[in-house]
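Spelled out, the chains give:
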Amino acid sequence: MIRLPLSWVQVVIDIGLLRRPHFLVKDVPEPPDEFSEGFVFREVRGGYQKWLHLKCPRCGEHIQIQLAGARRWTISIDWLNRPTVAPSIW
Ligand SMILES: [Zn+2]
């Protein structure tokens, strides 16, 4: 799946062609220290996705969702970097 660079997506949003999605995916090599508003973080190590990190919109808690192993969630990311996680977490 082709994904636009996040900076391009930002331009598309800035010029008003797209409403800002609730969440965009940012790939990171390790768990984030800080969460930017409107992003979820996909931890990818050695080419394998391990965890999805997000901040609970209700209580602000750091939520980790397992993307590897026998009991895992699946994530699909569209060309605008919008995530869909199954089973649903929200
Ligand atoms: Zn919460």
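What comes next is a walk through the structure.

Here is what the cut-offs are and how they apply
- Residues numbered from 1 in each chain as written.
- Predicted model: local features only at pLDDT ≥ 70, side-chain atom pairs only at ≥ 80, totals over all residues.
- Heavy atoms only, no water.
- Helix = DSSP H or I, 4+ residues; strand = E, 2+ residues; numbered from the N terminus.
- Rg over C-alpha atoms; globule rule 2.2 N^0.38 Å.
- Buried < 20%, exposed > 50% of the residue type's maximum accessible area, 1.4 Å probe, protein only.
- Contact = heavy atoms within 4.5 Å.
- Areas by Shrake-Rupley, 256 points an atom, 1.4 Å probe, with all protein chains shown as cover.
- Lys, Arg positive; Asp, Glu negative; His and termini not counted.
- Charge placed at Lys NZ, Arg CZ, Asp CG, Glu CD.
- Pairing = 2+ DSSP bridges.
- Axes fitted to C-alpha atoms, helices over the stretch in contact; angles between N-to-C directions.
- Salt bridge = Lys/Arg side-chain N within 4 Å of Asp/Glu carboxyl O.

Considering the overall build of the protein chain
Within the protein chain, the secondary structure is distributed over 1 helix and 6 strands. Starting at the N terminus and ending at the C terminus, the protein chain contains elements arranged as α-β-β-β-β-β-β. Taking 12 Å as the expected radius of gyration for a compact globule of 90 residues, we find that the protein chain reaches 13 Å, a close match to that expectation. Judged by the C-alpha coordinates and their principal axes, the protein chain covers about 40 × 30 × 25 Å. Counting the 90 residues in the protein chain, one finds 30% classified as buried. Within the protein chain, counting contacts between residues at least 6 apart in sequence, those at least 24 apart form 31% of the total. As displayed, the protein chain has an accessible area near 6300 Å², and 54% of this comes from carbon and sulfur atoms. Charge-centre separation for the protein chain: the mean point of 12 positive side chains lies 8 Å from the mean point of 9 negative side chains.

Regarding the sheet that holds strand 4 (residues 62-66)
Read across the open sheet, the 4 strands follow the order 1-2-3-4; overall the sheet is mixed. Strand pairing shows two members of the sheet lacking a second neighbour, strand 1 (24-28) and strand 4, which therefore form its edges. Shown here is a sheet whose adjacent strand axes are inclined to one another by a mean of 25°, direction ignored. Strand direction decides the pairing type here: strand 2 (residues 39-45) and strand 3 (residues 48-55), joined by 5 bridges, are antiparallel.

Describing the pattern of salt bridges
Within the structure shown, the criterion is met by 4 salt bridges. Here R3 makes a salt bridge to D27, at a shortest N to O gap of 3.1 Å. Here the residue R3 occupies a position in the segment before helix 1 (6-14), and D27 occupies one in strand 1, the gap between them amounting to 24 residues. Here the residues in one salt-bridge network are R3, D27 and R42, joined through shared partners.

A short note on the environment of E34
Within the secondary structure layout, E34 lies in the loop between strand 1 and strand 2. C-alpha of E34 to C-alpha of R72: the two residues are 38 residues apart in sequence and 24 Å apart in space.

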